[in-house]
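Below, each chain spelled out in residue letters.
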Amino acid sequence: MCGIVGYVGPQRAQDVVVDGLRRLEYRGYDSAGVAVVHDGVLAVAKRSGKLANLEKVLADKPLPPATTGIGHTRWATHGPPNDANAHPHTGGARRVALVHNGIIENYAELRDRIEADDHVFLSETDTEIAAHLVELQVQSGVDLQVAMQRVCQQLDGAFTLVAVDAEDPGRVVAARRNSPLVVGLGEGENFLGSDVAAFIEHTREALELGQDQIVTITADEVTVTDFWGSPVEPTRFHVDWDLSAAEKDGHDWFMRKEIFEQPRAVADSLIGRRGVNGLLQLDEMRLADEEIRDLDKIIVIACGTSFYAGMVAKYAIEHWTRTPVEVELASEFRYRDPIVDNTTLVVAISQSGETADTLQAIRHAKSQGAKVLAICNTNGSSIPRESDAVIYTHAGPEIGVASTKGFLTQLVACYLLALYVAQVKGTRYGDEIDEIMGQLEAMPDHIDTVLTRADSIYELARAHVATRSVLFLGRHAGYPVALEGALKLKELAYIHAEGFAAGELKHGPIALIEEGLPVLCVVPPRGRDQLHAKMLGGIQEVRARGARTICLAEEGDHTIEPYADDLIRLPQVPVLLQPLVAIIPLQLFACELATALGHDVDQPRNLAKSVTVE
Ligand code: M6R
């Protein structure tokens, strides 16, 4: 939530900062602002609404040609999204400008304290207090880095703060606690960003910052300390994607581009997983075999789409390893006093690696002695850094707020984890694991096949522009797919959508069925116990009450034909892997329907890509 950019170097700061904000806009789009330091004076421009509003202001009245600047794109927490609450905020003397991501929990108390000294506040934000406090410190004679240290020591909550001092040009100072910040290392220039997308067109060399650290960048130098001034050696990393990955590449939306990237993303997530000895390998995982053998229980924690990937993980891990798995919303986990100890593996799934609910749940699990394994897409982010082990997904940057390729690659990582645990615990024979790996490796082609049917799915979606409610049904691994399909439709099309386990319908939700209500049904493959037959029964029940059924069923399944008003064919794959293909039509459906309704698919209302507040 909120995107932050900082720059020092030879280029015009306004341009570098605004370009960075454009790439971070998916993190928040309630307002945007830039501050630069020029000739000992601050120049600030900010506007409510999307970045385009600020760009218009800057086109009419550019900021001075400074080479030091900071910028912010906001997801509002304290105070409505108006011009006054837009960042950057300044101290009373307009010597310091500062941007912030997170929530300063004790801001009211700090504000009361200095308001008594005639400090006037111009916004309703929790941020402005930090600008005043940093300014008071530099006015007392310390430099910006020491000022930032002293202020951070007083703050409670989550914050990335980035500040400039008009009397100290050529330097940007930032602090990080519980909110993301990375440093981009250029030649004669340096960058700060909430994530690497902010500076990817300038450099792919980066530093990750740890908890409670302060970084100072000048054009030639980067120094990192903790909040008490002790030097820290940050970890350097190379970003393995480039600018083209952060462009729309001819698509109308990032989301649509990301949907079509899924065959490649799934293939990339599978690369290098088979060792020379034929065994499955998860090199980066860093969990010893004994630790895996000793596991009594796995708890998966995640939010939103990642939570639904976790539900699929439960089916796969329990089926292949016979290890009990619980799946829990990260935001609920630590508040229910969970039973966790050193025989529990907590698996935290997060595309962004910055979700505050998940991060706090990890900290709680670790405090109880559990080992934590992160499944994450973002190098340098907090969740893998604070976990004991990590499996990186290889989706590349996901910029559309609605997760698509992030979800698919999380599923792949979950399957790999399940197979790896099965291999170590010996609950599956090598040739069984080999067979499933072969099925996984065939998935990119199957996903491609579904994508070739996009046009017919788009047509179906456009036929639903007047629809105000849609239900999604699934069973077994199709149930999380139904939930995820409903989430996509809610967040993009703003249509009431609910996913149900098909067997639950008769326990209440069937009362919602009325004439013409669209019901999307994820039909499991045939030939697995009673699953397929039971799903067919559920479909008949809703149809008998007037629902219009759109069925997703495998090729060759003719039993479904009499009960499907519309039929979307899926490749024949095993039931546990079916989510990888079944979610694709639902993603396409939501994307196209939202487009037809005239919504901004990449930046749906009220949302932000990375949810860094609890
Ligand atoms: O970055 P994370 O995977 O931790 O994010 C979790 C959710 O916020 C995220 O999946 C959200 O539900 C998406 N907007 C869904 O499309």
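Residues numbered from 1 in each chain as written. Predicted model: local features only at pLDDT ≥ 70, side-chain atom pairs only at ≥ 80, totals over all residues. Heavy atoms only, no water.

Here we take up empty space enclosed by the protein. In total, this model carries one cavity of 30 Å³ or more according to the counting rule given. The computed volume of the largest cavity comes to approximately 80 Å³. Top element by residues in the lining of the largest cavity is strand 6 (residues 96-104). It accounts for three residues. Residues of the lining of the largest cavity, tallied by class, amount to five nonpolar, eight polar and two charged. (1 Å grid on protein atoms, 1.4 Å probe; cavity = no way out; pocket = protein on both sides within 12 Å on 5 of 7 lines; lining within 4 Å. Points joined across faces, edges and corners; volume = space filled by probe spheres on them. Helix = DSSP H or I, 4+ residues; strand = E, 2+ residues; numbered from the N terminus. Nonpolar A, V, L, I, M, F, W, Y, C, P; charged D, E, K, R; others polar.)

On to the nonpolar core. Formed by 93 residues in total, the largest nonpolar core has its most connected members in Met-285, Trp-320, Val-347, Tyr-415, Phe-472 and Leu-489. Counting residues per element, this core draws most heavily on helix 13 (residues 405-425), at 15 residues. Split by domain, the residues of this core number at least three in each of domain 2 (258-441) and domain 3 (448-596). Not counting the four nearest positions on each side in its chain, Phe-472 is found in contact with Ala-482, Gly-485, Ala-486, Leu-489, Ala-497, Glu-498, Gly-499, Phe-500, Leu-520 and Leu-586. Counting 36 residues, the second largest nonpolar core, distinct from the first, contains Val-16, Leu-21, Val-34 and Val-401. (Core = buried A, V, L, I, M, F, W, Y, C linked by side-chain atoms within 4.5 Å. Buried < 20%, exposed > 50% of the residue type's maximum accessible area, 1.4 Å probe, protein only. Domains from an automatic or database assignment. Contact = heavy atoms within 4.5 Å.)

The next subject is the site of the ligand. In the region of the ligand, 15 residues are neighbours, and Ser-306, Ser-350, Ser-352, Thr-355 and Glu-491 sit closest. Contact between the ligand and Ser-306: an oxygen atom at 2.6 Å from a side-chain N or O atom of the residue. Its free accessible area being 410 Å², the ligand has 90% of it covered by the protein chains. Of all the elements in the fold, those that place two or more residues in the shell around the ligand are helix 9 (304-321) and helix 17 (478-493). Considering only residue class, the shell around the ligand consists of five nonpolar, eight polar and two charged. (Near = heavy atom within 4 Å. Polar contact = N/O pair within 3.5 Å; in protein donor to acceptor, adjacent residues only side chain to side chain. Areas by Shrake-Rupley, 256 points an atom, 1.4 Å probe, with all protein chains shown as cover.)

With that settled, the discussion passes to the domain arrangement of the chain. Size of an interface: often given as the accessible area lost when the parts come together. Annotation of the chain at the domain level lists domain 1 (3-246), domain 2 (258-441) and domain 3 (448-596). Inter-centroid distance (C-alpha atoms) of domain 1 to domain 3 is 45 Å.

Its volume calculated, the largest pocket comes out at about 700 Å³. Taken together, 40 residues form the lining of the largest pocket, with Trp-241, Asn-377, Thr-378, Gly-396 and Pro-397 sitting closest to its centre. A breakdown of the residues in the lining of the largest pocket according to their chemical character gives 14 nonpolar, 14 polar and twelve charged. When residues of the lining of the largest pocket are assigned to domains, at least three fall in each of domain 1 (3-246) and domain 2 (258-441). Taken as a whole, the second largest pocket encloses approximately 560 Å³ of empty space. Lining the second largest pocket are 28 residues, and of these Cys-303, Gly-304, Thr-305, Lys-609 and Val-611 sit closest to its centre. Listing elements by their share of the lining of the second largest pocket, those giving two or more residues are helix 9, strand 17 (344-350), helix 11 (356-367) and helix 17. Sorting elements by how many residues they give to the lining of the second largest pocket places helix 9 first, with four residues.

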